[in-house]
Each structure stands twice: as C-alpha cells, then as structure tokens.
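Listed below, chain by chain, are the residues.
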Amino acid sequence: MSKKRHENQPPGSGEPSKPDKIRPAKPKRPASGLPWNPALRGFLSLLIALHLLAVFAAPWNLSTNPALPPGFMMPVDANGRPQPVSRDHPALQQPVVPRALGRFFNHYLNLAYLNHGYQFFAPDPAGTHIIDFQVTKPDGTVVKGRFPDLKEQWPRLLYHRHMMLAEQTELMGSDSGQQYADHLARLHGGHCRMEWTVHLMLSPEEVKAGTALDDPKTYRVLATVESQVGNPNNAAGEMPIAIPGGTQ
Amino acid sequence: MGMIKDTRDYVADAWQAWNRFWFTPTDPATFSLIRLLAGGMLFYTHLVWSLDLQAFLGPNGWLSVDFIRQMQGEQWSVWSVFFWIEQPWAIWCVHIFALVVFFCLMVGLFSRSTAVLGFLLAVSYAQRISPGAFFGLDKLNCMFALYLMLGPCGARYSLDRIWRLRQGETNDAPASASANMAIRLIQLHLCIIYLFSGLAKLLGENWQAGTALWWAVANFEYQSLDATWLADWPMLIGLATHVTIFWELFYVGLMWNRFTRPISLWIAVIVHGGIALFMGMITFGLTMIFANLSFVAPSTVRRWVDPLAGRVASMLTGGK
C-alpha cells in the first residue's frame, strides 16, 4: 500500500519529482467490469461474510473449553487428592466470544449441517471400541456377532459406519448401548447380552517384540448391557467406566 | 487530509480486491469437475445405506429417532425427513428418490435442480445419523452439496452440457461469477477445516511428541494395509507427524501462495491418500482430495479432463 500511495501522489505536491524512478501506476481493474450491480454485490458480500463467520464460529465454539483462573486451588478429598471441578463450577471462565457466536449462528449451522468441530484424530489418536453381542432366542439358539467386523460388514464404508456406532457410544453415554441391545433383541427376537470393549494399541517396541496388534491382552471389557425383547423395563447393565488411556 | 485520503484509497482498493476475489467470472471447469466427483461420492455414500437401510435410518434402528432427537437437544433447526416418516416402504421410497437425485447430480442431469435436492437429502441423512454413525465424510458431503447449489455445476462434464450440444449450441460454457463464488467458498471452508483440525491436534501430547502417526497406523480396526514396519523408523514417524500438523495449521498461507500451492496440494494427496490406503477410509480420503482440487486452476482442469470428456461427449452425441 505504501508503494501505491507514493505512486498516486499528485504532481508537485511536496517531494521533488524523480521521473527516472517513477514506475507506471499499476492499472486498476475497474469494478464495473464485474457482473451484477454494486448493490447486489454488496448484499452478497454481506451474506458471504456472515456465512464464513458462521463456518468459523462452529469449530471455534466447539473446540474451546472453559478455564479455571490462574492460581485456583483445586478442591481436595479427605486424603488431600485434588478433585475435578464440575462443569458448572462458578470459578470456570467461559470463552464468551466463541460461545456468543455459536449461539448466534446455532440454527443456521444446524440447518445446513455445519455445526462441527473438525477434530480429526485429535487431540490424540485413540484405541477403538468394539461391541460383541450374543442374542439367545426362546428356542435356545444363539446369534453371536460383533461390530465393527470386516468379515460381516462390507464394503468398507458400511464397516466404518458400524465402527462409528461402537465408537460414538462414548460420546452418547450408556443409554446408546441400551439402544443397540434393544435393537438387536428386537431384530433377532430374544435376550441380548452385549459387551463394550476397548481395543488398546501397542507401542512400536511391543510390535517389534512380536506382539500382534490383535493380541487378546489388548482387549479390555468396559461394560455390559442386557436387553430382553418385549420387556419395557430393560435396564442397563454395568455402567460404562472411564476408558483407560495409553497402552498396556 | 493525507491520512483521510490514504484511508479512503485503502478502503476503495480493498473493496475492489474483494469484488475481484469473489465476483470475477471464471471458467466453470473446476466447479464442474467437483460436481462430478462430489456427486459420485454422494451417490456411493448413500448407495451403501441400501445394505442396511432400516437399521441406520428406520425409526427403531440402532438408535431410535426419539433417542437421536434427545441427543441433538430437540432443536427445531436439526431436521431430517427421516424424523417424520416411519413406514419402511416410505423410507425406501425416499431412499430410491435420493439415489436417483445423487446419480443425476453426478452425471450432471438437471444439475441446478438436483443440486438443491441433493443438499436437502444429504443433510437429511446426515442429521439422522448424528450422533451415532456419522464421521468426516458426511461433513464434507454436505459441504459440497451446499456449495454446488450456488453455481452452474453442470456447465461442463455433464449430460446437461451434452444435451445443449445436441441442441446445436456451439458456444463454449460461459465464464461464471457464481461458479467463482462457490469455488472460493469451498476453498475458504477448507482452510477453516484445516486450521481447526491443526489447532485441535496441538492439544494432543502425541501430536506434540511426533508419535501420533504411529498410533494412527497401529490401530487394528482402522488398518487396511499394514504399516507397522514404521516401528523401525521413528524419525520418519516424527517427521510425518510434524509435517501434518504444521501443514494443517499453515494451509491457508501455503495455498494462497502460487509457489507453495503445488507443494501443499501434493502433501494433501499424500496425507489423504495415506489415510485412504493405510487406514481404510477410502471415501473420506478421496473426499478431502476432491475438496483440495478446488485450488486447481480451471485451465489445468481442462487440460486434464477435456480430452476424456470430449471422447465421452463424442460417443454420446454420435460424433456431432
């Protein structure tokens, strides 16, 4: 811009002219060569700016967390161990700008399916979850299955959808596991018992030592769920527990 | 006075630059290619639902409509046609209609209309499976469907174009300001995706340590090609992990510099091609590559695609 300002200086306005150093001004492309009238372009520009702000606000809002003030003394239990604070703790400082933008654009983002965080493989790649089920029919026959399962779910995209079902149980809470068990009990007609398992991953050293990625010791059952077809009082089994981090 | 004039000039220049950026008519070749590829992906994605339609989209499938609505906060703006229909035959009717729409969008038949219908249908499916079975593919599919509505997505590489040629049209597809606007929106949307994807990774200890790539390839359920030989190459794992995160964070700058753009595009092909090949996410990997094609100039697209498109058009028009 500063270069352009010098170039556009009117002749004889202060600095002595140096014709040998003055380069011809860069021709401006006239905006009039563009389609649509300026009012329409102005209106479209407003819509574009709002849309991009909305697209930006969605992941900004979803990826920011409230923070405790510096020096905040964490509550401790009887043994002096620090305890996590609740999500509605009054000391938590909310990121007010992304939250406000998120609220403002919420319905627009929902309508266009744009309300996403885009946290691909973040914050860290983690072990996947697997659901094993067993449905016992009234005649005693048993249907066993697993999802995701490459042998049963093909093509790869269908397998991946089943993988997401098992994976997003963590996001949706224990009721989702009950939903799956109810569906399987209805589908096969019987009593369904389901296990929710996490498949832990191996370090490079463990792989180099010859441990297979699907070694039985890498699977850990986190919860079980049961469902009986026709029973309106199906209750969840064990409550899911926190998923252990790191490798075993 | 000088400062006021400078400010006025700056605002005028910025407004002109903004206008040129968004509204300069452009050859719709890149936009049309994206319609062809994204339309193909939309068709395939929804075709696969046919294999287990009622389980994923029926009212009493894996996740009931009531449960999904509850998870979504019962918001009126989260909508899906599958929230309102319950009969299996009705779900199948909508599904078959959707497949016809996505197929027409892919081949470019009634492109402007099918783009609008395609968007409404793509969002309907995605909302029904979110949360539950959704992932990045659905986000990208809906993003494409949204922007394809905005311009002449069937101007090239389409049955609409062949139809016009058969009707005796001899003019080339006209440059289009709305095609430019749609492409710009895809480009900037993609920049936002990469920025927040990179920022989210910054919070991960394994991304910081440079080991995240290992944990991606060591995931047995994702694995489609064994890449655990990387265990012997910690420097390669570290380098690839760090390149990925820096590339995502600086994607916007790398793409808007004409010297670094080809490098950035090749990194996109390697990163997403790697995800497709080694982690079995072929659809997602391809879709991200399709989105990156928005940065390829129309002249380059025409150099690559026109010879093949010309042969297909000749076949369909009987050499006219």
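Scroll up to find the structure.
A few points on the structure.

The rules behind each value
Residues numbered from 1 in each chain as written. Chains lettered and ligands numbered in written order. Predicted model: local features only at pLDDT ≥ 70, side-chain atom pairs only at ≥ 80, totals over all residues. Heavy atoms only, no water. Axes fitted to C-alpha atoms, helices over the stretch in contact; angles between N-to-C directions. Helix = DSSP H or I, 4+ residues; strand = E, 2+ residues; numbered from the N terminus. Parallel < 35°, antiparallel > 145°, perpendicular 65-115°, else oblique. Contact = heavy atoms within 4.5 Å. Nonpolar A, V, L, I, M, F, W, Y, C, P; charged D, E, K, R; others polar. Buried area = accessible area lost by both parts, 1.4 Å probe. Salt bridge = Lys/Arg side-chain N within 4 Å of Asp/Glu carboxyl O. Polar contact = N/O pair within 3.5 Å; in protein donor to acceptor, adjacent residues only side chain to side chain. Phe/Tyr/Trp six-rings, centres within 6.5 Å; stacked < 30°, edge-to-face > 60°. Buried < 20%, exposed > 50% of the residue type's maximum accessible area, 1.4 Å probe, protein only. Lys NZ or Arg CZ within 6 Å of the ring centre and 35° of its normal.

**Quick look at the packing of helix H1 (residues 2-23) of chain B against helix H9 (residues 177-202) of chain B**
Residues and elements named next belong to chain B.
Reasoning step 1: Axis separation between H1 and H9 bottoms out at 7 Å; the angle between their running directions is 95°. Between H1 and H9, the angle is such that the two are roughly perpendicular. Contacts between H1 and H9 pair Arg20, Phe21, Trp22 and Phe23 from the former with Ala177, Asn180, Met181, Arg184, Leu185 and Leu188 from the latter.
Reasoning step 2: The class makeup of the residues in the contact of H1 with H9 is seven nonpolar, one polar and two charged.

**As for the interface of chain A and chain B**
Interface size, as often reported, equals the accessible area lost upon joining of the parts.
Reasoning step 1: Chain A puts 77 residues into the contact, and the matching count from chain B is 88 residues.
Reasoning step 2: Interface of chain A and chain B: buried area, both sides summed, is about 7600 Å²; carbon and sulfur atoms make up 70% of it.
Reasoning step 3: If you sort the residues of chain A by the area they bury against chain B, A:Tyr113, A:Phe120 and A:Arg161 come out on top, with a joint share of 11%.
Reasoning step 4: Summed over the shared surface of chain A and chain B, the result is one salt bridge.
Reasoning step 5: Notably, a salt bridge pairs A:Arg161 with B:Asp138, separated by 2.7 Å at the nearest N-O pair.
Reasoning step 6: Applying the counting rule to chain A against chain B returns 33 residue pairs in polar contact (both at pLDDT 80 or more).
Reasoning step 7: Where the side of chain A that touches chain B is concerned, the elements lending two or more residues are helix H1 (2-7), helix H2 (38-63), helix H3 (96-111), strand E1 (128-136), helix H4 (156-167), helix H5 (169-172), helix H6 (174-188) and helix H7 (204-208) of chain A.
Reasoning step 8: Of the residues contributing to the side of chain A that touches chain B, the split by class is 44 nonpolar, 21 polar and twelve charged.

**A look at the packing of aromatic side chains**
All names here are of chain B.
Reasoning step 1: On inspection of all chains with the given rule, the structure shows 23 aromatic pairs over all chains.
Reasoning step 2: When the ring of tyrosine 251 is compared with that of phenylalanine 295, the centres are 5.9 Å apart and the planes differ by 80°; the resulting orientation is edge-to-face. Linking tyrosine 251 in helix H13 (residues 251-255) with phenylalanine 295 in the loop between helix H15 (282-292) and helix H16 (298-317), this pair joins segments that are 44 residues apart in sequence. The residues tyrosine 251 and phenylalanine 295 share a single accessibility class, namely buried.
Reasoning step 3: Here the aromatic cluster, defined as three or more aromatic residues joined through ring pairs, consists of Trp18, Phe21, Trp22, Tyr194, Trp247, Tyr251, Trp256 and Phe295.
Reasoning step 4: One cation-aromatic arrangement involves arginine 184 over phenylalanine 21; the distance from NZ or CZ to the ring centre is 4.0 Å.
Reasoning step 5: In this arrangement the basic side chain of lysine 201 is found over the ring face of tryptophan 207, its NZ or CZ atom lying 5.2 Å from the centre.

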